[in-house]
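In case you want the letters, here they are:
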Amino acid sequence: MKIRHMIAIATTVMAFTACQQNSYKITGTVEGLDEGDTLFITNDLNTGIPSDTIIIKDGGFTKKGTADSTLLTLIYAPNNPETSAIFFTEPGNITIHLGESATATAIGGTEANEGLQELNTLAREYGNKMQELAANYFDPSISEEGKLETMKQESDLQAELNSKVVALAEKNISNELGYFIVTSISDDNVFTKEKRRELIEKMPANYRERQEAKDILKMLEVAESTAEGNTIPDFTMPTPENTDLSVMSEVKNNKLTILDFWASWCGPCREETPFMVELYKKYHEKGLGIVGISLDNSKEPWVTAIKELGMPWPQMSDLGGWQSEGARLFQVNSIPFTVVVDQQGKILKKGLRGNELEKFIEEQL
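I will try to describe carefully the structure that is included in this document. Just so you know, these numbers come straight off a predicted model, no measurement behind them. (Residues numbered from 1 in each chain as written. Predicted model: local features only at pLDDT ≥ 70, side-chain atom pairs only at ≥ 80, totals over all residues. Heavy atoms only, no water.)

Let's talk about the packing of aromatic side chains
- The full count for this structure, using the stated rule, is 8 aromatic pairs.
- A centroid spacing of 6.1 Å and a plane angle of 80 degrees characterise the contact between F88 and F180, whose relative ring orientation is edge-to-face. One end of the pair, F88, is in strand β6 (residues 80-89); the other, F180, is in helix α4 (residues 176-184), with 92 residues separating them in the sequence.
- Residue F88 is classed as buried on the basis of its relative accessible area of 3%.
- Judged by its relative accessible area of 27%, F180 is partly exposed.
- Summarising the aromatic geometry, the rings of F235 and F330 are spaced 6.2 Å apart at their centres and angled 65 degrees between planes, so their arrangement reads as edge-to-face. Highlighted residues: F235 in the loop between α7 (211-225) and β9 (236-238) and F330 in the loop between α11 (325-329) and β14 (337-342), separated in sequence by 95 residues.
- F235 sits in the buried class, given a relative accessible area of 2%.
- Members of the aromatic cluster, joined through ring pairs, are F235, F261, F330 and F337. (Phe/Tyr/Trp six-rings, centres within 6.5 Å; stacked < 30°, edge-to-face > 60°. Helix = DSSP H or I, 4+ residues; strand = E, 2+ residues; numbered from the N terminus. Buried < 20%, exposed > 50% of the residue type's maximum accessible area, 1.4 Å probe, protein only.)

A short note on the nonpolar core
- Counting 46 residues, the largest nonpolar core has I232, I258, L259, F261 and F330 as the members making the most contacts within it.
- Going through the elements one at a time, α8 (247-251), β11 (256-262), α9 (267-283), β12 (288-294), α10 (299-309), α11, β14 and α12 (354-364) are the ones with two or more residues in this core.
- Among all residues touching L259, those that are not within four sequence positions of it are I232, V247, V291, I293, F330, F337, T338 and V339.
- By size, the runner-up hydrophobic cluster in this structure holds 45 residues, among which are F61, L133, I173 and L177. (Core = buried A, V, L, I, M, F, W, Y, C linked by side-chain atoms within 4.5 Å. Contact = heavy atoms within 4.5 Å.)

Focus on the pairing of strand β15 (residues 347-350)
- Sheet topology places β14 next to β15; 3 bridges connect them, and they run antiparallel. Bridge pairing in β15 places V339 opposite K350.
- Between the end of β14 and the start of β15, which pair antiparallel, lie 4 residues, with G345 showing a positive phi angle near 90 degrees. (Pairing = 2+ DSSP bridges.)

Some thoughts on the state of the cysteines
- Evaluated as defined, the whole model comprises 1 disulfide.
- Through a disulfide, C266 is tied to C269; the S-S separation comes to 2.3 Å. Handedness of the C266-C269 disulfide follows from its S-S torsion of about 80 degrees: it is right-handed. Per residue, the accessibility class of C266 equals that of C269, and both read buried. (Disulfide = S-S within 2.5 Å.)

Quick word on the packing of helix α3 (residues 144-171) against helix α5 (residues 193-202)
- At a minimum axis distance of 10 Å, the contact between α3 and α5 shows a crossing angle of 20 degrees. Relative to α5, α3 is oriented roughly parallel. Between α3 and α5 lies a crossing of left-handed hand. In this structure, α3 uses V166, A169 and E170 to contact α5, whose residues at the interface are K195, E198, L199 and K202. (Axes fitted to C-alpha atoms, helices over the stretch in contact; angles between N-to-C directions. Parallel < 35°, antiparallel > 145°, perpendicular 65-115°, else oblique. Left-handed = near helix turned anticlockwise from the far one by under 90°.)

Focus on the environment of G351
- Note that G351 resides in the loop between β15 and α12.
- Assessed through its relative accessible area of 39%, G351 is described here as partly exposed.
- Separated by 51 residues in the primary sequence, G351 and E300 have C-alpha atoms spaced 27 Å apart.
- G351 has contacts with F337 and T338, leaving out every residue within four places of it along the chain.

Focus: the sheet that holds strand β1 (residues 23-30)
- With mixed pairing, 4 strands are arranged side by side in an open sheet as β4-β1-β7-β8. The open sheet terminates on both sides in strands that have one partner only, identified here as β4 (60-66) and β8 (106-108). Taken over all neighbouring pairs, the strand axes of this sheet differ in orientation by 10 degrees on average, direction set aside.
- Where helix α2 (residues 111-137) meets the sheet, its contacts fall on β7 (92-98) and β8, and the angle it forms with β8 comes to roughly 150 degrees.

Some thoughts on the packing of α3 against α4
- Remark: α3 packs on α4, axes separated minimally by 7 Å, with the N-to-C direction vectors making an angle of 140 degrees. Classified by the angle between their axes, α3 and α4 sit oblique to one another. Pair α3 / α4 crosses with left-handed handedness. Between α3 and α4, the residues in contact are V165, L168 and A169 and L177, G178, I181 and V182, respectively.
- For the contact of α3 with α4, the residue count by class is 6 nonpolar, 1 polar and no charged. (Nonpolar A, V, L, I, M, F, W, Y, C, P; charged D, E, K, R; others polar.)

Here we look at the sheet that holds β11
- Reading across from one edge, β13-β12-β11-β14-β15 is the order of the 5 strands in this open sheet, with mixed pairing throughout. Only two strands of the sheet have a single neighbouring strand rather than two, namely β13 (315-316) and β15.
- The pairing of β12 with β13 spans 2 bridges and is parallel. Note on β13: the bridge partner recorded for G292 is Q315.
- In the packing of α9 onto the sheet, contacts are made with β11 and β12, and the angle to β12 comes to roughly 155 degrees.

Quick word on unusual backbone geometry
- Geometrically, the link from I335 to P336 is a cis peptide bond, its omega value of 5 degrees lying close to zero.
- Along the polypeptide, P336 turns up in the loop between α11 and β14.
- Of note in this structure, D58 is not a glycine but carries a positive phi near 55 degrees.
- Within the fold, D58 resides in the loop between β3 (52-55) and β4.
- A positive phi angle, close to 55 degrees, is found at Q331, a residue other than glycine.
- Take Q331: it is sitting in the loop between α11 and β14.

Written as structure tokens, this is what we have:
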């Protein structure tokens, strides 16, 4: 009986400890709301549909619970959208001050929430600076030289902010904030592919096992395989005539080939096409080829656009839109987009358009 009693006590202690480790407590203060007013809480940041409520008491609020996993959470006053905050629900003591505006709101208490507050402060600080520069740029009294200087200052500010965001992610790479920053900011101007991979590899093992992190690493591998200097993998797609076309079967016929990613619904693509037609006429006899790779979703507008725009080069599309095999292979996230390859399929340049594209083609041929 004594041994059973000891086991029961030990089991109870372990369960209590586990509960304590996963428990959280939110302690908050609020401005501009009255006693008995309601705050909504939700983890659905897309719709904002509340999953819980908190009643204001003595100018503040508290909430306790357990967090089996860390969740990005929104707390807000239903009648005043400005009185709101996004925070991480995670084990520990979380502090929230809800001001009547975003600048007066603050979160903290746990490591990830302290970091998120730092990120919010950076965003506001640099956002205000950018707005001041924008106001200067549109000042009618400013000279062209002044506008150029303003653009340079804006670019420098953006680079400075990007650097600080990367540093903040690195500082918090072992908690949810670091994971959130690295996986949610897709801009390559903030994280180079090399830096993003480095930071994911620094994350705790349980973070690296998440599907989102795995997907990013897979995309980075794909991006590396289609970086400048590498040889494109061959891929096949249907033509408007319903025959299968291998991209390398066209590439090997030309000294240079432009892989032209476009779509019938893309206004800038249609505006660019007359230039591409003239470029093709000018350099085709010297060895230039073009292969159109459409991101259309249906065949009829794709085929109609080819005829309307007078594109004389081969076309291919699996009608997969942004999920097209070609788009995913080359990480295409905006169109028009070009990839210039040599006769062996080696990638020489990516992303050139207009005069820059023609200048490069002229130099190569």
